[in-house]
Amino acid sequence: MPMKELLECKHPTAWIEFEKGLITEDELAMKFFKDGRSFDLEGLKNCLRSACSYIEGVEGLLNSLKENGYEIHAFTNFPIWYQIIEDKLKLSNYLSWTFRSCVFGKRKPDPEFYLEVVKHLNVEASNCVFIDDRMRNVEAAVEIGLKGLRFKNVDLLRKDLCLLGVDVSTNENSDLADVYHKIIC
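Report follows, based on the coordinates. (Residues numbered from 1 in each chain as written. Predicted model: local features only at pLDDT ≥ 70, side-chain atom pairs only at ≥ 80, totals over all residues. Heavy atoms only, no water.)

### Concerning the packing of aromatic side chains
Working step 1: The tally for this structure, following the rule as stated, stands at 14 aromatic pairs.
Working step 2: Residues Phe32 and Phe33 carry aromatic rings whose centres are separated by 5.1 Å and whose planes lie at 85° to one another, so their mutual orientation is edge-to-face. Across the pair, exposure class does not vary: Phe32 and Phe33 are buried alike.
Working step 3: Ring geometry for Phe75 versus Phe130: centroids 5.5 Å apart, planes at 75°, classification edge-to-face. Remark: Phe130 occurs in strand 3 (residues 129–132) and Phe75 occurs in strand 1 (residues 73–76); sequence separation between them is 55 residues.
Working step 4: Among the aromatic residues, those joined into a cluster by ring pairs are Phe75, Phe99, Phe104, Phe113, Tyr114 and Phe130.
Working step 5: Above the ring of Phe75, the side-chain terminus of Lys108 is found at 5.7 Å from the ring centroid. (Phe/Tyr/Trp six-rings, centres within 6.5 Å; stacked < 30°, edge-to-face > 60°. Buried < 20%, exposed > 50% of the residue type's maximum accessible area, 1.4 Å probe, protein only. Helix = DSSP H or I, 4+ residues; strand = E, 2+ residues; numbered from the N terminus. Lys NZ or Arg CZ within 6 Å of the ring centre and 35° of its normal.)

### Here we look at helix 4 (residues 41–51)
Think of an α-helix as turning once every 3.6 residues; residues three or four places apart then point the same way.
Working step 1: Leu41, Gly43, Lys45 and Leu48 are the residues of helix 4 that are buried.
Working step 2: Along its buried surface, helix 4 packs onto helix 3 (25–31) and helix 6 (82–89).
Working step 3: Its side-chain oxygen placed 3.4 Å from the backbone nitrogen of Glu42, Asp40 serves as the N-cap of helix 4. (Contact = heavy atoms within 4.5 Å. Polar contact = N/O pair within 3.5 Å; in protein donor to acceptor, adjacent residues only side chain to side chain.)

### Some details on the side chain of Glu25
Working step 1: If you trace the backbone, Glu25 turns up in helix 3.
Working step 2: Judged by relative accessible area, Glu25 falls into the buried class, the value being 18%.
Working step 3: Within the local environment of Glu25, its side chain forms a polar contact with the side chain of Lys45, the two groups lying 3.3 Å apart.
Working step 4: Beyond its immediate stretch of four places on either side in the chain, Glu25 contacts Phe18, Leu41, Glu42, Lys45, Ile80 and Trp81.

### A few points about the pattern of salt bridges
A pair can form between side chains of opposite charge whenever their charged atoms are brought close.
Working step 1: In total, this model carries seven salt bridges according to the counting rule given.
Working step 2: Glu17 is the partner of Lys31 in a salt bridge, and the nearest nitrogen-oxygen pair spans 2.5 Å. With a gap of 14 residues between them, Lys31 in helix 3 and Glu17 in helix 2 (residues 14–19) connect regions that are remote in the sequence.
Working step 3: Of the residues examined, Glu17 reaches a relative accessible area of 17% and is grouped as buried.
Working step 4: With a closest N to O distance of 3.0 Å, Arg37 and Asp35 form a salt bridge. (Salt bridge = Lys/Arg side-chain N within 4 Å of Asp/Glu carboxyl O.)

### Here's the deal with the environment of Thr13
Working step 1: Positionally, Thr13 belongs in the loop between helix 1 (3–9) and helix 2.
Working step 2: Relative accessible area serves as the criterion here: at 32%, Thr13 is assigned to the partly exposed category.
Working step 3: On a C-alpha basis, the gap between Thr13 and Lys34 in space is 9.8 Å, while along the polypeptide they are 21 residues apart.
Working step 4: Engagement of the side chain of Thr13 in a polar contact is seen with the side chain of Glu17, the distance being 2.8 Å.

So this is what it looks like as structure tokens:
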């Protein structure tokens with residue numbers, strides 16, 4: 001089904017309710033289409049599973065941040081299916097799945113969700129860097145005092161993090177890391 005047709009046929013709030021943990025997977029299956037037609041829920045999950053992969057360079061960046069002592073948390077609008085991503089990519093090697101919409105019942109860009117993150121971490125908002133591919137989510141983070149970066153690609157993210165004073169160098173070859181660090185700063 002073409003995306004335009006899917007958007008016209010799907011229930012207007014079912015996916016958001018699923019992301020917030022307000023409905024179960026079975027309820028999503030019954031409610032996904034406005035007209036109540038059935039669909040292949042396992043097929044959708046398999047598509048998600050097969051589509052999951054690291055963007056080139058992201059795993060290396062996550063590893064560098066972890067090695068340099070940065071605490072990294074997932075802050076995601078995702079249902080219980082985040083576990084599919086975890087099972088495939090093992091993201092918990094680099095970050096904690098701390099802030100999931102399916103647990104908190106809120107989604108980005110709701111300011112209350114961002115405020116809960118800051119409260120939970122017990123830090124000043126200005127000491128956190130929020131990264132997202134959607135500008136409206138970044139803007140919402142900045143509005144409550146977080147530093148916000150829009151993800152476009154790994155190289156730009158490395159540069160932006162460096163400009164904020166975040167050490168993105170690697171320990172694999174400190175001489176090359178120092179040179180690279182100086183080039184991108």
